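This is what each chain is made of:
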Amino acid sequence: MAEDQKIQTYSVSNSWWPSDLLRWSAFNCEMLRQAEKAIMKFIKRPYRGFFVDIGSVVGESDKIWTVALNESSDKTPLVLLHGLGAGTGLWVMNYDTVSQNRPVYAIDLLGFGRSSRPTFDKDPQIIETQFVKSIEEWRKEVNINKMILAGHSFGGFLASAYALKYPNRIQHLILADSWGFPEKPADVNQKYNVPLWVKGIAYLVQPLNPLWAVRAAGPFGHWVVEKTRPDIMKKFNSVVKDEKAISQYIYQCNAQTPSGESAFHSLMSGFGWAKHPMINRIHEMDENIPITLIYGSRSWVDNASGDIIKKTRPNSYVKSHIINQAGHHVYADRPEEFNSIIVETCDLSDKENTNNDQEIENVVKLEE
């Protein structure tokens, strides 16, 4: 039986001082593993957790942590890429539904979660290539011919970059509140009416990684996550009954060496924008790749990119969904609606792909 196929009970105590202080370590991979288990035990369907050795993509021997469900299905697999500071555990409210009729794989991106944390290059374009190559090497090792690739936030940016490089491996591209698409406005401070004191703080912390405060707090980082982002904890209340599990998991994901986060820092131009915006390259994507976009109506991500993509790709399938009362974490804010869109999109994609294959087969027969 695979390492994480058998679920063990794990509870994060409401009072973690002083025991957790004594156990705390910035490199405590076991605590991350246990924090993930505390969340994954709420999945109803059987799953398998395993490492995939992708070779020397960035480091000497990189490994990608992978969660797989319903692998025996012969339908096109759905592959999930998480956002910044997240991991496979945060798809807990989505796994059961989206894997009902097809294989589903979720990975911890290289440099995040339980995956290897190698030192990425400093050049943004090389970093992007490294991330894309890591996904491709993972695909080869898992032996997936074609996939429906879905990414949230930073994962959506990387999913798009992968589709640009390897179009023949993508049956459908699903982008959930994707980061890194629009260009950074030249008048960003005026447009968003940023107060002077906020500008000052932003200038001082600019050289630092986005989640530096979590690590700077040391063993109190778990408390920092709870107090600064109680909204994230509440999103999972309906499924994850252990109230400390989510904050502990997020903390443990980001208490490790921040190699993926540092790579993200090199890619960004201010937290909300990319140095090389995807919107300027989307026209280069194979027009045969269908794109489905999902946005939260209350998200800070600008959903105007969806309209631009439609205009840029007039001969391609592009469909946008805006989920009411959902923020940036759209997959957790309104999981039922999000899951419904994913399932419907995947089923439609399979149907369209079957029709296309039949048309190609008919053409071949006529030529013969």
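The structure this text deals with has already been given above.
Residues numbered from 1 in each chain as written. Predicted model: local features only at pLDDT ≥ 70, side-chain atom pairs only at ≥ 80, totals over all residues. Heavy atoms only, no water.

Colleague: I keep staring at the pairing of strand β2 (residues 62-69) and nothing clicks. Help me out?
Modeller: Note on strand geometry: in a regular strand, side chains alternate between the two faces of the sheet. Across the eight residues of β2, seven count as buried, placing the element largely inside the fold. Between strand β1 (residues 48-55) and β2, which pair antiparallel and follow one another directly, the connecting turn spans six residues. (Buried < 20%, exposed > 50% of the residue type's maximum accessible area, 1.4 Å probe, protein only. Helix = DSSP H or I, 4+ residues; strand = E, 2+ residues; numbered from the N terminus. Pairing = 2+ DSSP bridges.)

Colleague: What should I look at first to understand the packing of helix α4 (residues 124-142) against helix α5 (residues 154-165) in this one?
Modeller: Helix packing geometry: the angle between the two helix axes and the distance between the axes. Relative to each other, α4 and α5 sit at 75°, their axes nearing to 9 Å. Taken together, the axes of α4 and α5 lie roughly perpendicular to each other. For the pair formed by α4 and α5, the contact residues are Glu128, Phe131, Val132, Ile135, Glu136 and Arg139 on the first element and Phe154, Phe157, Leu158, Ala161, Tyr162 and Lys165 on the second. Considering only residue class, the contact of α4 with α5 consists of eight nonpolar, no polar and four charged. (Axes fitted to C-alpha atoms, helices over the stretch in contact; angles between N-to-C directions. Parallel < 35°, antiparallel > 145°, perpendicular 65-115°, else oblique. Contact = heavy atoms within 4.5 Å. Nonpolar A, V, L, I, M, F, W, Y, C, P; charged D, E, K, R; others polar.)

Colleague: Which parts of the structure should I look at to understand the nonpolar core?
Modeller: As a rule of thumb, soluble globular proteins bury nonpolar side chains together. By size, the foremost hydrophobic cluster in this structure holds 52 residues, and its most contacted members are Trp138, Leu149, Phe154 and Leu173. Looking at which element gives the most residues to this core, the answer is α5, with seven residues. Apart from the residues within four sequence positions on either side, leucine 149 is in contact with Val79, Leu81, Ala159, Tyr162, Ile170, His172, Leu173 and Ile174. Listed in part, the 45 residues of the second largest apolar core include Ala86, Met233, Ile246 and Tyr249. (Core = buried A, V, L, I, M, F, W, Y, C linked by side-chain atoms within 4.5 Å.)

Colleague: Got a minute to help me understand the sheet that holds strand β3 (residues 78-81) in this structure?
Modeller: Adjacent strands of a sheet form backbone hydrogen bonds with each other and so pair up, either parallel or antiparallel. One open sheet holds the eight strands; their spatial order is β1-β2-β4-β3-β5-β6-β7-β8, and the pairing between them is mixed. Lying at the two open borders of the sheet, with one neighbouring strand each, are β1 and β8 (318-323). When strand polarity is set aside, the average angle formed by the axes of neighbouring strands in this sheet is 20°. Where β2 and strand β4 (residues 104-107) come together, four bridges link them in antiparallel fashion. Residue pairing for β4: valine 67 is matched across the bridge by alanine 106. Each of β3, β5 (147-152) and β6 (170-176) is contacted by α5, which is oriented at about 145° to β5, the strand it contacts most. In this fold helix α13 (residues 304-312) packs onto β7 (291-296) and β8, with an angle of close to 170° to the strand it touches most, β8.

Colleague: It is not clear to me how the pairing of β4 should be interpreted in this structure. Could you clarify?
Modeller: With burial as the criterion, each face of β4 is covered, one bearing Val104 and Ala106 and the other bearing Tyr105 and Ile107. Of the pairings in the sheet, the one linking β3 to β4 comprises four bridges and is parallel in character. Bridged to leucine 78 within β4 is valine 104.

Colleague: Quick question: what am I supposed to make of the environment of methionine 93 here?
Modeller: Inspection of the secondary structure puts methionine 93 in the loop between β3 and α3 (95-98). Placed 241 residues apart in sequence, methionine 93 and arginine 334 show a C-alpha to C-alpha distance of 9.6 Å. Among residues more than four places away in sequence, those in contact with methionine 93 are Lys235, Phe236, Ser238, Val239, Ala332, Pro335 and Asn339.

Colleague: Teacher, can you tell me more about unusual backbone geometry here?
Modeller: Generally, phi is negative for residues other than glycine and the peptide bonds are trans, each holding for most cases. Here asparagine 143, not a glycine, exhibits a phi torsion of approximately 65°, which is positive. Its location among the elements puts asparagine 143 in the loop between α4 and β5. For asparagine 143, a relative accessible area of 69% puts it in the exposed group. Of note, the phi angle at glutamine 325 is positive, near 65°, even though the residue is not glycine. Taking the relative accessible area as the measure of exposure, glutamine 325 reaches 44% and is therefore partly exposed.

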